[in-house]
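Overview (structure and organization)
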Amino acid sequence: MKIDFHTHAKLAKKLPFSHEYTDWLFREAKRSGLDALCLTEHFNTLGFQEVYRYIAGRCTREGDSLVTEDGFRIFPGMEVDIAEGGHTLVTGPLECILEMNERLEPHKTRETFLSFEEWSDMVKQYPVLFGAGHPYREGGHIPELPDELLDRFMFLDINGKDLARDCEGTWKQMREMSERLEKPLVAGSDTHQSFQYGCVYNVFENAVNTTDALYREIRKKKYRIEMSDDLAFKVETAGILKRSLKEIHALGGDYVSVLLKGAEI
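Residues numbered from 1 in each chain as written. Predicted model: local features only at pLDDT ≥ 70, side-chain atom pairs only at ≥ 80, totals over all residues. Heavy atoms only, no water.

1. Concerning the layout of surface pockets
Definition in use: A cavity here means a set of points on a 1 Å grid, drawn over the protein atoms and nothing else, where a 1.4 Å probe fits but cannot get out; a pocket is an open set with protein on both sides within 12 Å along at least five of seven lines, and a residue lines either one if it has an atom within 4 Å of a point. Grid points are joined across faces, edges and corners, and a volume is the space filled by probe spheres set on the points. Residues are grouped as follows: Ala, Val, Leu, Ile, Met, Phe, Trp, Tyr, Cys and Pro are nonpolar; Asp, Glu, Lys and Arg are charged; every other residue, Gly included, is polar.
What the largest pocket holds in volume is close to 370 Å³. In terms of lining, the largest pocket is formed by 16 residues, of which the most central are K13, D81, H87, R110 and F113. Its residues assigned to classes, the lining of the largest pocket shows 4 nonpolar, 8 polar and 4 charged.

And the structure:
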């Protein structure tokens, strides 16, 4: 099972939700060769609940995953900011993700983000996977947290955007952190659109459909991380597309229509 552990369903968190755009993303994810993804949408994205209501309504529930009509598997999740600076990832049953998001409603602006300790205390109340998202990204301070708090993580995100910027340096930093904390590395593209799918992903020996099974496979090291030969090109191209589509929206245009018409040519 080829799975990406860090993805998004929207072009940008301040833009309105477009089900056509999300449908296109999932189709493209499958076309890229993936079998599944963890949908770690930003917890404070515009229309978070709407995103998941739509996806759940058009998918079949299998274990903790949501499966599209063409057999693509989606594990619900979200990306959550902490007060210290930095991002965390959670993946788990849809009802848990939605409940956690509702509880975070008073804490969705920079001034009100929960501290890592407060947030991780909440996480412990749910059967979810908990990871450090791109911990060495500029502006984040996760590596500076005390080890007793870092030990609460279940995995560390080796991130496509960081690998594109400095592949060797990112691997070095993340391997050192992984070894020091004895936490596994799991790969995520961090994509908001299609070209970035497949830049880096995990190949699991077994197909699974529950959060517990995902974690068991990770603990048993029954997976490997694969990187595309053109990882940097995929990420750069993705960034150009994202900026262009956001500019179309800012100018009053319909970026979804422009994108999908182009995809039909």
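2. A few points about the environment of T109
Put simply, the rule is: A run of H or I in DSSP becomes a helix once it reaches four residues, and a run of E becomes a strand once it reaches two; helices and strands are each numbered from the N terminus.
Inspection of the secondary structure puts T109 in the loop between α3 (94-103) and α4 (116-123). Between the C-alpha atom of T109 and that of S18, which follows or precedes it by 91 residues, the distance is 23 Å.

3. Observations concerning empty space enclosed by the protein
Scanning the entire structure with this criterion turns up 1 cavity of 30 Å³ or more. Reported here for the largest cavity is a volume of approximately 50 Å³. Forming the walls of the largest cavity are H134, P135, Y136, R137, D162, R165, T170, Q173 and M174. The set of elements that each furnish at least two residues to the lining of the largest cavity consists of α6 (160-165) and α7 (167-181). It is α7 that provides the largest number of residues to the lining of the largest cavity, a total of 3 residues. When grouped by side-chain class, the residues that make up the lining of the largest cavity number 3 nonpolar, 3 polar and 3 charged.

4. A closer look at the nonpolar core
The nonpolar side chains of a soluble globular protein tend to be buried with one another. Rule in force here: The nonpolar core is taken to be a set of buried Ala, Val, Leu, Ile, Met, Phe, Trp, Tyr and Cys residues, with the residues joined through side-chain atoms within 4.5 Å. Exposure classes here rest on a 1.4 Å probe applied to the protein chains alone. A residue is buried below 20% of its type maximum, exposed above 50%, and partly exposed in between. Contact criterion: two residues are considered in contact whenever any of their non-hydrogen atoms come within 4.5 Å of each other.
Counting 86 residues, the largest nonpolar core has F5, M78 and W119 as its most contacted members. Leaving out residues up to four positions away in the same chain, F5 has contacts with C38, T40, L89, L129, F155, V186, A187, G188, N202, F204, L214 and I218.

5. Thoughts on the state of the cysteines
The term disulfide refers to a covalent linkage connecting the sulfur atoms of a pair of cysteines. Put simply, the test is: Any pair of cysteine sulfurs within 2.5 Å is marked as a disulfide.
Applying the stated rule across the entire model yields 0 disulfides. Not part of a disulfide, C59 finds its nearest cysteine sulfur in C38, a span of 14 Å. On the accessibility criterion, C59 (13% relative accessible area) is buried. Here C199 is not cross-linked by a disulfide; its sulfur's nearest cysteine counterpart is in C167, at 10 Å. Since its relative accessible area comes to 0%, C199 is described here as buried.

6. Quick word on the pairing of strand β6 (residues 87-91)
In regular strands, side chains alternate between the two faces of the sheet. Note the threshold: In this analysis, strands are considered paired if DSSP registers two or more bridges between them.
Of all 5 residues in β6, 5 are buried, a share of seventy percent or more. The alternating pattern of β6 places H87, L89 and T91 on one face and T88 and V90 on the opposite face, and all of these are buried. Between strand β5 (residues 73-81) and β6, which pair antiparallel and follow one another directly, the connecting turn spans 5 residues, one of which, G85, has a positive phi of 105 degrees. As paired elements, β6 and strand β7 (residues 129-133) share 5 bridges and run antiparallel to each other.

7. Considering the side chain of T170
Relative to the helices and strands, T170 resides in helix α7. Once you skip the residues sitting within four places of it in the chain, T170 turns out to touch I158, D162, L163 and R165.

8. Quick word on a positive patch on the surface
This is how it is decided: Patch rule: a residue counts if its relative accessible area is over 30% and it has no salt bridge; like charges are joined within 9 Å, and nonpolar side chains (Val, Leu, Ile, Met, Phe, Trp, Tyr) within 5 Å. Values of accessible area rely on a 1.4 Å probe in the Shrake-Rupley scheme; residue burial ignores everything except the protein chains shown. By definition, a salt bridge exists where a carboxyl oxygen of Asp or Glu is found within 4 Å of a side-chain nitrogen of Lys or Arg. We count Lys and Arg on the positive side and Asp and Glu on the negative side, and we leave His and both chain ends out. In plain terms, the charge of a residue is placed at NZ if it is Lys, CZ if Arg, CG if Asp and CD if Glu.
Together, R216, R219, K220 and K222 line one region of the surface with positive charge. By the secondary structure assignment, R219 is in helix α8 (residues 211-219).

9. Examining the packing of helix α1 (residues 19-31) against helix α2 (residues 48-58)
Heads up, the rule is: Lines fitted to the C-alpha atoms define the axes, with helices restricted to the stretch that makes contact. Angles between their N-to-C directions range from 0 to 180 degrees. In what follows, roughly perpendicular refers to angles from 65 to 115 degrees, roughly parallel to angles under 35, roughly antiparallel to angles over 145, and oblique to any angle outside these ranges. For any pair of crossing helices, the crossing counts as left-handed if the nearer helix is rotated counterclockwise from the farther one by less than a right angle, and right-handed if it is rotated clockwise.
Look at α1 against α2: their axes get within 11 Å of each other, and the N-to-C directions meet at 60 degrees. Between α1 and α2, the angle is such that the two are oblique. The hand of the α1/α2 crossing is right-handed. The segment α1 lies against α2, with H19, T22, D23 and F26 engaging Y54, I55 and R58. Along the lines of polarity and charge, the residues of the contact of α1 with α2 split into 3 nonpolar, 2 polar and 2 charged.

10. Things to note about the pattern of salt bridges
For the structure on display, the rule yields 14 salt bridges. Between R73 and E62 there is a salt bridge, with the nearest N and O atoms lying 3.0 Å from each other. Linking R73 in strand β5 with E62 in strand β3 (residues 60-62), this pair joins segments that are 11 residues apart in sequence. A salt bridge links K172 to E176; the nearest nitrogen and oxygen atoms lie 2.8 Å apart. Placement of both K172 and E176 in helix α7 is noted, with a separation of 4 residues, approximately one turn of the helix.

11. Re α7
In plain terms, the rule: A helix is expected to reach a length of 1.5 Å times the quantity of its residues less one. Comment: arc refers to directions from the helix axis out to C-beta atoms. Distance and chemistry together define a polar contact, namely a pair of N or O atoms within 3.5 Å, with one atom able to donate a hydrogen and the other to accept it when in protein, and with adjacent residues in sequence counting only for side-chain atoms on both sides.
Compared with the 21 Å implied by 1.5 Å per residue over 15 residues, the 21 Å span of α7 between its first and last C-alpha is a close match. Listed as buried for α7 are T170, W171, M174, M177, S178 and L181. Angularly, the buried residues of α7 cover 140 degrees about the axis, an arc narrow enough to put them on a single face. Away from its buried face, by an angle of more than 90 degrees, α7 presents the exposed residues E168, K172 and E179. The elements touched by buried residues of α7 are α5 (147-150), β8 (155-159), α6, β9 (185-188) and β11 (223-227). Where α7 begins, the side chain of D166 points an oxygen toward the backbone nitrogen of G169, at a separation of 3.0 Å. Looking one or two residues past α7, E182 carries a phi angle of roughly 55 degrees, positive in sign.

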